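Architecture and fold: a report
What follows is each chain in one-letter form.
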Amino acid sequence: MQHKENNLLILIHSLRGGGAGRVCVFLANGLASRGWDVTVAVNLPEGQRWLEKFDSRVTVEQLGSRHARRALFPLVKLVRSMRPTVVLSFNYQLAVLLPFVRSLSGIPFKAVGRTVVALSEAARYRSFWQRKIVMPFVRRRYRHLDLVIAQAEAMRQDLLHRFSLRDDQLVVINNPSEIPDKAEQQESEMVQDTRPPRLLYLGRFKPQKQPRLLLDLVEKLRGREGFEDARLIAAGEGPLLEQFMKELRARGLEDAVDYRGYSDDIEALFAEADLTVLVSRYEGFPNVLVESIARGVPVLSFDCPSGPADIILEGVNGRLVAMNDMESLVAAAAELLVSLPPQQQVRDTALRFHPDVILDRWEEVLG
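The sections below set out a description of the structure shown in this document. (Residues numbered from 1 in each chain as written. Predicted model: local features only at pLDDT ≥ 70, side-chain atom pairs only at ≥ 80, totals over all residues. Heavy atoms only, no water.)

1. Some thoughts on the packing of helix α9 (residues 212-222) against helix α14 (residues 326-338)
Running from N to C, α9 and α14 cross one another at 55°; their axes reach a closest spacing of 10 Å. By the angle class used here, α9 and α14 are oblique. The handedness of the crossing between α9 and α14 is right-handed. Listed contacts from α14 to Leu213, Asp216, Leu217, Lys220 and Leu221 of α9 are Met326, Glu327, Leu329, Val330, Ala333, Ala334 and Leu337. Within the contact of α9 with α14, the residues separate by chemical class into nine nonpolar, no polar and three charged. (Axes fitted to C-alpha atoms, helices over the stretch in contact; angles between N-to-C directions. Helix = DSSP H or I, 4+ residues; strand = E, 2+ residues; numbered from the N terminus. Parallel < 35°, antiparallel > 145°, perpendicular 65-115°, else oblique. Left-handed = near helix turned anticlockwise from the far one by under 90°. Contact = heavy atoms within 4.5 Å. Nonpolar A, V, L, I, M, F, W, Y, C, P; charged D, E, K, R; others polar.)

2. A word on the packing of aromatic side chains
Applying the stated rule across the entire model yields five aromatic pairs. An angle of 80° between the planes, with centres 5.5 Å apart, marks the rings of Tyr201 and Phe205 as edge-to-face. Across this residue pair, the class does not change: Tyr201 and Phe205 are buried. Among the aromatic residues, ring-to-ring pairing joins Tyr201, Phe205, Phe244 and Tyr259 into one connected group. The ring of Tyr262 is capped by Arg49, whose NZ or CZ atom sits 3.9 Å from the centre of that ring. The aromatic ring of Phe109 is capped on one face by Arg102, whose charged end is 5.7 Å from the ring centroid. (Phe/Tyr/Trp six-rings, centres within 6.5 Å; stacked < 30°, edge-to-face > 60°. Buried < 20%, exposed > 50% of the residue type's maximum accessible area, 1.4 Å probe, protein only. Lys NZ or Arg CZ within 6 Å of the ring centre and 35° of its normal.)

3. Examining the side chain of Asp216
Tracing the sequence through the fold places Asp216 in helix α9. The buried category is assigned to Asp216, whose relative accessible area is 12%. Polar side-chain contacts of Asp216 include one of 2.7 Å to the side chain of Arg251. When sequence neighbours within four positions are dropped, the list of residues in contact with Asp216 reads Arg251 and Met326. (Polar contact = N/O pair within 3.5 Å; in protein donor to acceptor, adjacent residues only side chain to side chain.)

Printed below as a string of structure tokens:
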């Protein structure tokens with residue numbers, strides 16, 4: 001097989017859901033539409049929710065290794081077969097294998113990693129194995145990649161100063177967001193005028209996201225005059241969901257929280273929302289905030305590492321508050337709900353994340 005130009009292999013651990021899968025589909029389909037030969041290799045076979053979203057021009061391969069440490073030789077075999085010019089990993093544990101794969105396969109591809117969280121921050125909450133064995137290895141090996149894509153500036157700074165990467169190895173490429181058409185936007189504006197305040201949480205229920213604080217937020221907000229009927233719409237799944245539901249019942253917040261389960265219909269969720277909230281310990285680049293402002297719905301978030309500070313323009317499309325400062329969070333929510341920023345103003349701040357803009361940047365970096 002000849003070594004083709006613009007022959008891209010994307011590695012991803014799982015397609016079962018979440019922002020990484022969404023961006024993987026976007027990038028694979030977008031580059032395939034621009035003439036790239038794109039193959040996506042998936043490590044975990046179960047729960048491939050995003051699989052059906054790929055364009056017919058994208059080839060999908062199953063590594064079936066389950067754990068990154070077992071993927072080396074399947075990757076070597078795949079690389080020898082397809083002879084890519086670029087290999088891009090959406091998983092940091094797979095990314096550190098790329099220099100080994102290049103050496104063992106004899107294929108001189110460009111090795112690119114993409115980080116989805118601030119790695120040093122995420123490591124604080126991982127297992128002993130992750131903290132003491134995996135992360136030190138990643139720190140040593142990441143510098144051998146040709147390029148590392150950071151989703152946010154704070155993530156780039158983390159890699160620069162804590163992982164000893166060179167400045168010329170690091171590029172920031174934010175995640176994209178579709179911009180709804182004007183008819184959908186106008187309908188949303190008409191609905192917003194007649195309903196009581198609605199907060200939206202759309203995401204996973206896991207420790208990183210601190211879902212218990214969502215209950216604190218809606219409970220404290222309803223204790224303020226004028227917000228007695230405020231409600232939280234919550235959508236998503238995760239390991240803390242059962243605990244979240246038990247606690248809301250224990251607090252008597254059944255009338256304050258409307259849990260919707262997992263939903264692919266984000267347009268309907270944002271159409272109901274006045275304000276999207278995020279209370280995470282850390283993030284990478286929280287897609288939900290961009291999806292929200294693209295629909296004219298302002299956002300409220302802790303100033304966590306990393307991502308929200310790249311998206312939120314203070315007072316223009318939402319508010320940032322100090323980490324875990326619940327009093328400031330509640331006050332900011334009340335202030336925003338009393339005087340919501342104009343929807344068009346909020347939407348305009350999402351244009352820098354337009355898919356064409358982001359895809360141009362990816363093509364520039366990978367080409």
